[in-house]
Amino acid sequence: MDELTLLGLRVCREVAVLGSFTAAARSLGYSQPAVSRQVAAMEAAAGTPLFVRTARGVRPSAAGAAVVARAGRILADVDLLRRDLDGLGDRLAGRVRLGVFPAAAAVLAPRAVALLAGEHPGLDVRLTEASTPALLRDVRHGRVTVAVIGVGSGLADYDLDGLTVRRVFAGDLCVGVPDGHRLAAAPTVPVRALEGEPWVVGEGAAGDPQFGAWPTMTDPIVAFRAKGWPARLGLVAAGLGICLLPELIAPSVPRGVTAVRVDDPSWLGRATLAVTTPDPGDGALAAVGALVAAGDGILAARPTQISPASIASLTS
């Protein structure tokens, strides 16, 4: 059994998941003959066939299923070992508690945590979600290392005195519309294009951004009210209205929903900030840097602006 290899385990798992040697080769970046050789070597080491060839591809034999089941755990342990070894050369260690308001928990925070795991494996990052007032209290009392909050038009004037603040995301609000909606083809629409649309609205936690209709609209048509994001976005995906959407969660909208930005000169905007104590420490600074990088990545994926001709077509 000493001929079993990590590479062989990785290849066998990919073949089992994808159902063919060709697909596994494409996924792993190998040639198909190289994948076949690895599987043959693993079968020789195991002393039994690991896959059953069928007209539609391959499927694991009983022995293959056992190997694949163990492979997942073994490869995960090896990845953890690699992270531990990498961490020995990283001067950053200890625990970082990252607290975020709900809209930041969908995309921004997970991407930042992933960046930290790759760059500073010695850091133990813990993620919590709470309202902005609670996060600011937690920072002041040392229960949270870095708090991610939203500030700007329509929000409370939070007391940030004595705290260190850095903007980590420059995006603002956008609108979620059903796929196929007249607004869905344009990455940015003028605010007047929203007139007459039915809205799916909701309410956030006290002190957090509230998600009604577009903030500068008067007398919007409210079709549905739903407290949580899954329900609101589900109603939009079903074609029952449009909803207000923070741009920082736009990459996570479900199938059936398209996020579009709104050109509204009268809207003063909002920003996403990272808040720490005045002497945050290296771990906190690394977390803030990861948040900035994650925010920049979201903005870099923005579609291009809408053309003036397209604006005219939306409002004609």
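It should be noted that the structure appears before, not after, this text.
So, a few notes on the structure that sits alongside this text. Fair warning: this is a prediction, and the values are worked out from it, not measured in the lab.

**Some remarks on the sheet that holds strand S13 (residues 270-276)**
Taken together, the five strands give an open sheet; going across it, the order is S4-S3-S5-S13-S6, and neighbouring strands pair in mixed fashion. The open sheet has two free edges, formed respectively by strand S4 (123-129) and strand S6 (164-169), since each of these has just one partner strand. Each strand axis lies, on average, 30 degrees off the axis of its neighbour in the sheet, ignoring direction. Along the sheet, helix H6 (residues 132-140) makes contact with strand S3 (94-100), strand S5 (146-152) and S13, crossing S5 at roughly 140 degrees. Contacts from helix H8 (residues 282-300) reach S3, S4, S5, S6 and S13, with the element oriented near 25 degrees to S6.

**Some thoughts on the nonpolar core**
Counting residues in each nonpolar core, the largest one holds 73 residues, and the members touching the most others are Ile149, Val175, Leu194, Trp199, Trp214 and Leu291. If you look at the next biggest cluster of nonpolar residues, it comprises 15 residues, including Leu9, Met42, Val67 and Ala71.

**Some words on the pattern of salt bridges**
A full pass over the atoms with the stated rule returns six salt bridges. With its nearest N and O atoms 3.1 Å apart, the salt bridge here joins Asp124 to Arg95. Of this pair, Asp124 sits in strand S4 while Arg95 sits in strand S3; the two residues are 29 residues apart in sequence, bridging distant segments of the chain. Asp124 gets classed as partly exposed once you look at its relative accessible area, which sits at 27%.

**Focus on the packing of aromatic side chains**
In this description, an aromatic ring pair is defined by two values, namely the gap between the centres and the angle between the planes. Per the stated rule, a full pass over the model turns up three aromatic pairs. Cation over ring: Arg232 sits above Trp229, and NZ or CZ is 4.2 Å from the ring centre.

**Notes on helix H1 (residues 6-18)**
Across its 13 residues, H1 extends 18 Å between first and last C-alpha, which sits within 8% of the 18 Å expected from 1.5 Å per residue. Once H1 finishes, Gly19 follows within two positions and takes phi at roughly 80 degrees, a positive value.

**So, the side chain of Ser61**
Within the secondary structure, Ser61 is located in the loop between strand S2 (57-60) and helix H4 (62-88). Here Pro49 takes part through its backbone oxygen, which lies 2.7 Å from a polar atom of the side chain of Ser61. With residues near it in sequence (within four places) discarded, Ser61 still touches Pro49, Leu50, Phe51 and Val52.

**Some details on the side chain of His181**
Position of His181 relative to the elements: it lies in the loop between strand S7 (173-178) and strand S8 (188-190). Beyond its immediate stretch of four places on either side in the chain, His181 contacts Glu197 and Ile242.

**Overview of the sheet that holds S7**
On the basis of which strands lie adjacent, the open sheet formed by four strands has the order S8-S12-S7-S11 and mixed pairing. A single partner strand is all that each edge strand has here, and the edge strands are S8 and strand S11 (243-246). Direction aside, neighbouring strands of the sheet carry axes that sit 45 degrees apart on average. As judged from the five bridges shared by S7 and strand S12 (residues 257-263), these two strands associate in the antiparallel manner. Looking at S12, one finds that Pro178 is bridged to Val257. Sitting on the sheet, helix H7 (residues 229-237) touches S7, S11 and S12, and the angle it makes with S11 is about 125 degrees.

Calculation notes
- Residues numbered from 1 in each chain as written.
- Predicted model: local features only at pLDDT ≥ 70, side-chain atom pairs only at ≥ 80, totals over all residues.
- Heavy atoms only, no water.
- Pairing = 2+ DSSP bridges.
- Helix = DSSP H or I, 4+ residues; strand = E, 2+ residues; numbered from the N terminus.
- Axes fitted to C-alpha atoms, helices over the stretch in contact; angles between N-to-C directions.
- Contact = heavy atoms within 4.5 Å.
- Core = buried A, V, L, I, M, F, W, Y, C linked by side-chain atoms within 4.5 Å.
- Buried < 20%, exposed > 50% of the residue type's maximum accessible area, 1.4 Å probe, protein only.
- Salt bridge = Lys/Arg side-chain N within 4 Å of Asp/Glu carboxyl O.
- Phe/Tyr/Trp six-rings, centres within 6.5 Å; stacked < 30°, edge-to-face > 60°.
- Lys NZ or Arg CZ within 6 Å of the ring centre and 35° of its normal.
- Expected span 1.5 Å × (residues − 1).
- Polar contact = N/O pair within 3.5 Å; in protein donor to acceptor, adjacent residues only side chain to side chain.

The quantities given are spatial measurements derived from coordinates; they are silent on function.
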